[in-house]
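Understanding the architecture of this molecule
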Amino acid sequence: MVNPARVLVVEDDDTIRSALVAAVESRGWVATAVPDGEGLEQLLGTFRPDLVVLDWMLPGRSGIELARVVSASGDAGMILLTARDGVDDKLRGFGVGVDDYLAKPFVMAELVARMTAILRRRGRAPGVVEIGDLLLDLDAGAVVRAGEPVTLTGTELRLLAFLAGERGRTLSKTQILTQVWGYDSYDPNLVEVHVSSLRRKLEERGGPRLIQTVRGIGYVLRAA
């Protein structure tokens, strides 16, 4: 990707921070992650993020305080992550310039979708993905194969969007479960069932198979 979007993650939980970085990089964006807001002003100037993902409850300055810093230093988009989901808390976040708000625990696929929406509004993420004769309009949630519309469920659409974002890369069932469903403890057969249904819908009017099985590993989406 030429001049990829830049995402700054400020999260003190090591597991969540690592997962967020992996999710950002899986989209082809550039990620920088820190556990707190120390030195944030300098980092904003050197890294120049397009989007900042902030945890509310941080050591030292809170996510709300850091959001004010981000707002004052530029026009980066912001998503606030927190276990506090009251209306007053949300209004407080929006009042300091936060674009979106997601309560913990969250599904990674939903967070990535919200990040993508903010970056797309800022012209920093494509809204349409084209792979062979497959056209996926992420804004409209529409899928077209060989000029014909394909009707998918919400889960199938998230699955296809994830595979498309990782096109050419072989993904394990655990990776798919984590990114699409938000957990890796579900029965892997769940992935098989949805991949099978997605394939059937994409291929019902003919055409080569786009979602390939890599035996013993998982699945990969690539143009025929």
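Look above for the structure.
Keep in mind that this is a model prediction, so the values were computed, not measured. (Residues numbered from 1 in each chain as written. Predicted model: local features only at pLDDT ≥ 70, side-chain atom pairs only at ≥ 80, totals over all residues. Heavy atoms only, no water.)

**Details of unusual backbone geometry**
Convention followed: Helix numbering and strand numbering both begin at the N terminus, where a helix is a DSSP run of H or I of at least 4 residues and a strand a DSSP run of E of at least 2.
Here the bond from K104 into P105 is cis, since omega is -10°, no more than 30 degrees from zero. Within the secondary structure layout, P105 lies in the loop between β5 (100-103) and α5 (108-121). Residues other than glycine seldom take positive phi values, yet R48 does so here, at roughly 50°. At A146, a residue that is not glycine, the phi angle is positive and equals roughly 55°. Mapped onto the elements of the fold, A146 is located in the loop between β8 (142-145) and β9 (148-150).

**Considering the environment of D55**
Note the cut-off: Each polar contact in these results corresponds to two N or O atoms within 3.5 Å; when the atoms are within protein, one needs to be able to donate a hydrogen and the other to accept it, and residues that are neighboring in sequence are counted only if both atoms are side-chain atoms.
Mapped onto the secondary structure, D55 falls in strand β3 (residues 51-55). Put simply, D55 and D13 are 42 residues apart on the chain and 9.2 Å apart in space, counted from C-alpha to C-alpha. Of the polar contacts made by the side chain of D55, one reaches the side chain of K104; its length is 3.2 Å.

**Here we look at the sheet that holds β8**
Consider a sheet: its strands pair through backbone hydrogen bonds, and that pairing is either parallel or antiparallel. Our working definition: A pair of strands is considered paired only if DSSP assigns at least 2 bridges between the two. Convention adopted: a line fitted to C-alpha atoms gives each axis, helices being fitted over their contacting stretch, and angles between N-to-C directions are expressed from 0 to 180 degrees. Any two residues whose heavy atoms approach within 4.5 Å at even a single point are treated as in contact.
One open sheet holds the four strands; their spatial order is β6-β7-β8-β9, and the pairing between them is antiparallel. Whereas interior strands pair on both sides, the edge strands pair on one side only; in this sheet they are β6 (128-131) and β9. Going from strand to strand, the sheet's axes swing by 25° on average, the running direction of each strand aside. Two strands pair when backbone bridges link them, and β6 and strand β7 (residues 134-137) are joined in this way by four bridges, in the antiparallel orientation. Its bridge partner lying in β7, V128 is registered against D137. Relative to β8, helix α8 (residues 189-203) is tilted by about 55°, and along the sheet it contacts β7, β8 and β9.

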